[in-house]
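What the coordinates show
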Amino acid sequence: MPRFRAILDGLPAYKPGRAVVSADGRSYKLSSNESPYDPLPSVVDAVAAAASEINRYPDPAAAALTAALAERYDVPAEHVALGAGSVSVAQQLFEAVGEPGAEVVFAWRSFEAYPLLAELSGATAVPVPLAGEDHDLAAMAAAITPATRMVFVCNPNNPTGTAIRARDLSAFLDEVPDNVLIVLDEAYREYVRDADVPDGLLYYRERPNVAVLRTFSKAYGLAGLRVGYLIGHAPVAAAVRKTMTPFAVNHLAQVAAIASLAAEDELAERVEAVVKERSRVREGLVAQGWTVPQTEANFVWLRMDDAQGTAFAEACAEVGVAVRHYLSDGVRVSIGSPEANDVFLGAAEAFRKTLGES
């Protein structure tokens, strides 16, 4: 019988957002924070043109994409590191710092891959409970010990959508020792509209121990191609590149990402449409009587216990809407097309009425 690492026996598998179909054939996937739009025609054309080269290995250094990102953010190319989606870059970070005795601090609940990646890397996960729906930065600072190698700050936070403002984040960063790597996970940065929520790159430029993690999966609509990246100082980026699986970012993904950067004006229109829908959905839920925290991402969060969350997810599924249920914590609902959002709001209103009747 083959022998495997003992940690695998108790390691839960990552659960992706599911899709559902109603009895009348409707299906709206609001469980994975994907873009509701088809790829841009210019991106599709670029991918189609590059398809004739898929018999060749991709550029392992992704030099053209690295250069495009360096130009886009006005950073040195050696400060850019890539991976197959930001979750893979996160895994590369964990592999770079993780070993027995090393600790990694993060808020909880936050991105659910953090504890899994910590355990797989051999590091000790140090989850710090949220204060309501927000990062408890004071508690996170207090959780840092001499064994702490890395701190993840998901801003805006997934799944609550809440964001940390500049004054609070600056004060927190001041408390973190210089030998602890701080990763600002900004997968949803493009959806931020609160002017007080800072761009993490401002901190990266000032602090050698700060790195910023971003993705092409959300606002750029390339979830199916898997492209994420880190911007950090040379030692950080170099460590991430060392732990990257060779050829992890495939040729078509590299081409699509470059084309997407060239089409940012067009993409911005789509992002703005999602932001407007986000406001409409949140305001609609609040009008129904739900408590919905202010969100700076492309989803809304409803705090519920396990029983209520299960019932709510089932009620949404009956009308073809898939949402993401987080056990005893709550339900996250992505912002989709106006039609999908209308169906969801109808399901939420109907469910709210059943609460009043019970």
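Source: prediction; values computed, not measured. (Residues numbered from 1 in each chain as written. Predicted model: local features only at pLDDT ≥ 70, side-chain atom pairs only at ≥ 80, totals over all residues. Heavy atoms only, no water.)

1. A look at the UniProt feature "domain: Aminotransferase class I/classII large" (unreviewed entry) in the protein chain
What UniProt calls "domain: Aminotransferase class I/classII large" (unreviewed entry) maps, in this numbering, to residues 29-345. Helix makes up 42% of residues 29-345 and strand 17%, with an end-to-end C-alpha separation of 14 Å. (UniProt positions renumbered as here; feature names shortened; annotations may be inferred. Helix = DSSP H or I, 4+ residues; strand = E, 2+ residues; numbered from the N terminus.)

2. Description of the pairing of strand E3 (residues 103-108)
Two faces make up the sheet, and in a regular strand the side chains alternate between them. Extensive coverage of E3 is indicated by the burial of 5 of its 6 residues. By the bridge criterion, 6 bridges tie E3 to strand E4 (residues 124-129) in an arrangement that is parallel. Across the sheet, the residue bridging to Val105 is Val126, located in E4. In this fold, E3 hands off to helix H4 (residues 113-121), which returns the chain to E4; that crossover is right-handed. In this sheet, strand E5 (residues 148-154) lies alongside E3 in parallel orientation, the contact comprising 4 bridges. Paired with Val105 across the two strands is Val151, which belongs to E5. (Buried < 20%, exposed > 50% of the residue type's maximum accessible area, 1.4 Å probe, protein only. Pairing = 2+ DSSP bridges. Right-handed = clockwise from strand over helix to strand, strands pointing away.)

3. A look at the domain arrangement of the protein chain
Taken domain by domain, the protein chain comprises domain 1 (14-39 + 263-356) and domain 2 (43-262). Centre-to-centre separation of domain 1 and domain 2, based on C-alpha positions: 25 Å. Residue-level contacts link 27 residues of domain 1 with 30 residues of domain 2. Of all residues in domain 1, the largest losses of buried area upon contact with domain 2 belong to Tyr14, Glu264 and Glu296, amounting jointly to 25% of the total for that side. Inspection of the region where domain 1 meets domain 2 yields 5 salt bridges. Here Glu264 makes a salt bridge to Arg72, at a shortest N to O gap of 2.7 Å. (Domains from an automatic or database assignment. Contact = heavy atoms within 4.5 Å. Buried area = accessible area lost by both parts, 1.4 Å probe. Salt bridge = Lys/Arg side-chain N within 4 Å of Asp/Glu carboxyl O.)

4. Let's talk about the UniProt feature "modified residue: N6-(pyridoxal phosphate)lysine" (unreviewed entry) in the protein chain
Under the UniProt annotation, "modified residue: N6-(pyridoxal phosphate)lysine" (unreviewed entry) lies at Lys218. With respect to the secondary-structure elements, Lys218 resides in the loop between strand E7 (210-215) and strand E8 (228-231). Apart from the residues lying within four places of it in its own chain, the contact partners of Lys218 are Ser32, Asn33, Ser35, Ala187, Tyr188 and Tyr191. A distance of 3.5 Å separates a polar side-chain atom of Lys218 from the backbone oxygen of Ser32. (Polar contact = N/O pair within 3.5 Å; in protein donor to acceptor, adjacent residues only side chain to side chain.)

5. As for the pairing of E8
Here E8 shows two buried faces, one formed by Gly228 and Leu230 and the other by Tyr229 and Ile231. Looking at chain direction, strand E2 (residues 80-83) and E8 are connected through 4 bridges and run antiparallel. The residue of E8 that forms the bridge with Ala81 is Leu230. Judged from the 4 bridges that link them, E7 and E8 form a sheet pairing that is antiparallel. By the bridge assignment, Arg214 is partnered in E8 with Tyr229.

6. Quick word on helix H3 (residues 86-97)
The end-to-end C-alpha separation of H3 is 17 Å, in line with the 16 Å expected for 12 residues at 1.5 Å each. Within H3, burial applies to Ser86, Ser88, Val89, Ala90, Gln92, Leu93, Phe94 and Val97. (Expected span 1.5 Å × (residues − 1).)

7. Here we look at the environment of Ala317
Counting through the fold element by element, Ala317 comes out in helix H11 (residues 306-318). Overall, Ala317 belongs to the buried group, its relative accessible area being 17%. With 27 residues separating them in the primary sequence, Ala317 and Phe344 have C-alpha atoms 9.6 Å apart. If we ignore the near neighbours within four places in the chain, the residues touching Ala317 are Arg18, Val20 and Ser22.

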